[in-house]
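# Structure assessment
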Amino acid sequence: MRVALTGATGFLGLRLVRRLLDRYASLTVLGHAGSGCALSRITRFMELSGAPAALIAELPTRLRVVEIDLCRPELGLPAAEYRRLADELDVIWHCAGNINLDDDLGSLRLTNVEGTRHVLELAASGARRPLVHHIGTAFVGGARREGVVYEDELEDRHGFENSYERSKYEAEVLVRDWSRLHGRPVVVMRPSVLVTDLPPSPGLPQHPLQFLARIVESSARGGGLPERDVPEERRPVVRLAGDPRGHLNLMPVEHAAAVMVRLANRPPSGRADVYHVVHDHDVATTVLTALVERIAPVRVRLVRKRPDQRARLEAAVDLYPGFTPYLSHRRRFDDTRVRSLLGPFSSGIRVDLDYLTAGISTSRTATTAGAP
Ligand SMILES: NC(=O)c1ccc[n+]([C@@H]2O[C@H](COP(=O)([O-])OP(=O)(O)OC[C@H]3O[C@@H](n4cnc5c(N)ncnc54)[C@H](OP(=O)(O)O)[C@@H]3O)[C@@H](O)[C@H]2O)c1
């Protein structure tokens, strides 16, 4: 069985590689051409995440790296190599993408939509009719802030919170249309926000909430923050638009990868099978504001709408505007289909303030936080 994976050096892809190596003797890593040695990045991750020494030693023989550029037709490969790759594959996991919520729509479309189109073309032309596992996102539910988002739903009538969501929506439309047109099964796995408590490390992909630490560090460098030990009452107040009753689904990335590989073991229905890969408990918005307060000496106040006049620090903390709307979300992602296939399960991991702090703490933020 020949299995290939795009995005293997990413936050999720690294964990998928670890899980897929439990199941398959070898994997073809479709690495990002010109972006650094995929094998050494995967090896470094395995070392940092405590993979067995025997597995690490086997990586050079069990992983074959083919460098591609998703954004180019035929993945930027020479014709003969593309043909060979297409004809040898039985399964393609498409996990690569651009996850920068605030990138311009054109760049996001190029990687997320055109990149997906190129992967589907590879699958369409393969002699062995490879099964496609597409990594989508639960956030194709768009700018609907309340209610329940079901696994079957895919529509744009609520609009989107940012261009990333739109590009992922368009990619999933493409995947489902392709499945109908070609009469081929596809598996779409939609995770919520992926998190970890593995501390950040240079050279490894960033945690999606890492931007909080970056903002704190740049504000501290610019002299915009008081000393860490400033008493509570002297900490500046930062107003952010959000709902104090809000909640967000944050899924431990290691558990997400495990669920995805279990789902992939199920026989596909023949159509597009869509699954929400989400945690069984949401995290309160107030935990996220407490996280900001833990890593920076500020007091966060959630307000109904973004203040017209903002202090410099408030503007700085809002430097990732694509994310801020999530502080107003109160919707839930239904995962009935996953539960009915895999049975009721729980990661057993409590995503709380300590868990989140561990995953994003750098030297400065860790001392600021007094974090573990
Ligand atoms: N992170 C989340 O919270 C989250 C939540 C829901 C869904 N997802 C989805 O999960 C998937 C993986 O996300 P992630 O968090 O792992 O992202 P990530 O850490 O940014 O990794 C992205 C991966 O895509 C590769 N890549 C980017 N552009 C490429 C190109 N032009 N050609 C070939 N490879 C390219 C990157 O390679 P290099 O590193 O070498 O550039 C990297 O391996 C994405 O589809 C994302 O939409 C993520």
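If you're wondering where the values come from, they're calculated on a predicted model, not measured in any experiment.

Calculation notes
- Residues numbered from 1 in each chain as written.
- Predicted model: local features only at pLDDT ≥ 70, side-chain atom pairs only at ≥ 80, totals over all residues.
- Heavy atoms only, no water.
- Helix = DSSP H or I, 4+ residues; strand = E, 2+ residues; numbered from the N terminus.
- Buried < 20%, exposed > 50% of the residue type's maximum accessible area, 1.4 Å probe, protein only.
- Contact = heavy atoms within 4.5 Å.
- Areas by Shrake-Rupley, 256 points an atom, 1.4 Å probe, with all protein chains shown as cover.
- Lys, Arg positive; Asp, Glu negative; His and termini not counted.
- Charge placed at Lys NZ, Arg CZ, Asp CG, Glu CD.
- Domains from an automatic or database assignment.
- Buried area = accessible area lost by both parts, 1.4 Å probe.
- Salt bridge = Lys/Arg side-chain N within 4 Å of Asp/Glu carboxyl O.
- Polar contact = N/O pair within 3.5 Å; in protein donor to acceptor, adjacent residues only side chain to side chain.
- Nonpolar A, V, L, I, M, F, W, Y, C, P; charged D, E, K, R; others polar.
- Phe/Tyr/Trp six-rings, centres within 6.5 Å; stacked < 30°, edge-to-face > 60°.
- Near = heavy atom within 4 Å.
- Core = buried A, V, L, I, M, F, W, Y, C linked by side-chain atoms within 4.5 Å.
- pLDDT = per-residue confidence, 0-100.
- Axes fitted to C-alpha atoms, helices over the stretch in contact; angles between N-to-C directions.
- Parallel < 35°, antiparallel > 145°, perpendicular 65-115°, else oblique.
- Left-handed = near helix turned anticlockwise from the far one by under 90°.

The next subject is the overall build of the protein chain. Along its length, the protein chain carries 13 helices and 15 strands. By principal-axis analysis of the C-alpha atoms, the protein chain measures approximately 65 × 45 × 40 Å. Counting all 372 residues of the protein chain, 54% fall into the buried class. For the protein chain, the proportion of contacts with a sequence separation of at least 24, taken over those separated by at least 6, is 83%. When the accessible area of the protein chain is evaluated, it comes to approximately 16,100 Å², of which 50% is carbon and sulfur surface. Side chains of the protein chain carry 50 positive and 45 negative charges; the gap between the two charge centres is 1 Å.

Let us now look at the domain arrangement of the protein chain. You can read the domains of the protein chain as domain 1 (3-194 + 249-277) and domain 2 (197-248 + 282-330 + 351-369). Averaged C-alpha coordinates put domain 1 and domain 2 at centres separated by 29 Å. Buried area between domain 1 and domain 2, both sides added, is near 2,200 Å², and the carbon and sulfur share of it is 61%. Three residues, Phe11, Arg145 and Leu250, lead the burial of domain 1 against domain 2; their summed loss comes to 27% of the area buried on that side. Where domain 1 packs against domain 2, one counts one salt bridge. One salt bridge in this structure joins Arg330 and Glu146, with 3.5 Å as the shortest N-O distance. Applying the counting rule to domain 1 against domain 2 returns 10 residue pairs in polar contact (both at pLDDT 80 or more). Elements represented by at least two residues in the side of domain 1 that touches domain 2 include exactly α1 (11-23), α2 (38-48), β8 (193-195) and β11 (250-252). Take the side of domain 1 that touches domain 2: its biggest share by element is four residues, from α2. Per-class residue counts for the side of domain 1 that touches domain 2 are 11 nonpolar, eight polar and 10 charged.

Ring pairs (aromatic) are described by centroid distance and by the angle formed between their planes. Tallied over the entire structure, the rule returns five aromatic pairs. Relative to Tyr326, the ring of Phe139 has its centre 4.9 Å away and its plane inclined at 65 degrees; by these criteria the two rings are edge-to-face. Placement of the pair is Phe139 in the loop between β5 (131-135) and β6 (148-149) and Tyr326 in the loop between α10 (312-317) and β15 (332-333), with a sequence separation of 187 residues. Exposure class is identical for Phe139 and Tyr326. Each is buried. Both rings, one in Phe139 and one in Phe333, keep their centres 5.5 Å apart while their planes meet at 65 degrees; by these two values the pair is edge-to-face. Here Phe139, found in the loop between β5 and β6, pairs with Phe333, found in strand β15; they are 194 residues apart in sequence, far enough to count as distant.

This brings us to the site of the ligand. Contacts to the ligand come from 28 residues, most closely from Thr9, Ser35, Arg41, Tyr164 and Lys168. Considered on its own, the ligand offers 900 Å² of accessible surface; in the complex 88% of this is hidden by protein. Taken together, the elements giving at least two residues each to the shell around the ligand come down to α1, α6 (163-182) and β8. Per-class residue counts for the shell around the ligand are 15 nonpolar, 10 polar and three charged.

Let us now look at the side chain of Gln210. Position of Gln210 relative to the elements: it lies in helix α7 (residues 210-221). A distance of 3.2 Å separates the side chain of Gln210 from the backbone oxygen of Ile360, its partner in a polar contact.

Moving on, we come to the pattern of salt bridges. This model, assessed by the stated rule, comprises 23 salt bridges. Residue Arg15 pairs with Glu254 through a salt bridge whose shortest N-O separation is 3.3 Å. Taken together, the residues Arg15 in helix α1 and Glu254 in helix α8 (residues 253-264) connect sequence positions 239 residues apart. Exposure remark for Arg15: the relative accessible area of 6% places this residue in the buried category. The exposure class assigned to Glu254 is partly exposed, which follows from its relative accessible area of 29%.

So, about the environment of Arg145. In this structure, Arg145 sits in the loop between β5 and β6. Along the chain, Arg145 and Gly246 lie 101 residues apart, while their C-alpha atoms are 9.2 Å from each other. Other than its neighbours up to four places away in sequence, Arg145 contacts Glu161, Pro325, Ser328, His329, Arg330 and Arg331. Side chain to side chain, Arg145 and Glu161 meet in a polar contact 2.9 Å long.

Of all hydrophobic cores here, the largest spans 44 residues; its most connected members are Leu12, Leu16, Val17, Met46, Trp93 and Met189. Here this core takes eight residues from α8, the largest share from any one element. Among the nonpolar cores identified, the runner-up in size contains 38 residues, and Leu108, Tyr164, Leu291 and Leu356 belong to it.

When pLDDT is averaged across the protein chain, the result is 92; 96% of the residues are at 70 or more. Scored below 50 in pLDDT, residues 367-372 makes 13 contacts in the model with residues more than four places away or belonging to other chains.

With that settled, the discussion passes to the environment of Gly7. In this fold, Gly7 is placed in the loop between β1 (3-6) and α1. On a C-alpha basis, the gap between Gly7 and Val65 in space is 12 Å, while along the polypeptide they are 58 residues apart. Look past the residues within four positions of Gly7 in its chain and what remains in contact with it is Gly13, Leu30, Cys95 and Ala96.

Our next topic: the packing of helix α5 (residues 105-125) against α6. Orientation of α5 relative to α6, taken along the N-to-C sense of each, is 20 degrees, at an axis distance of 8 Å. As summarised for this structure, α5 and α6 are arranged roughly parallel, according to the angle between their axes. Handedness of the α5/α6 crossing: right-handed. Two secondary-structure elements touch here, α5 through Leu105, Leu108, Arg109, Asn112, Val113, Thr116, Arg117, Leu120, Ala123 and Ala124 and α6 through Ser163, Tyr164, Arg166, Ser167, Lys168, Glu170, Ala171, Leu174, Val175, Trp178 and His182. Grouping the amino acids of the contact of α5 with α6 by side-chain chemistry returns 11 nonpolar, five polar and five charged.

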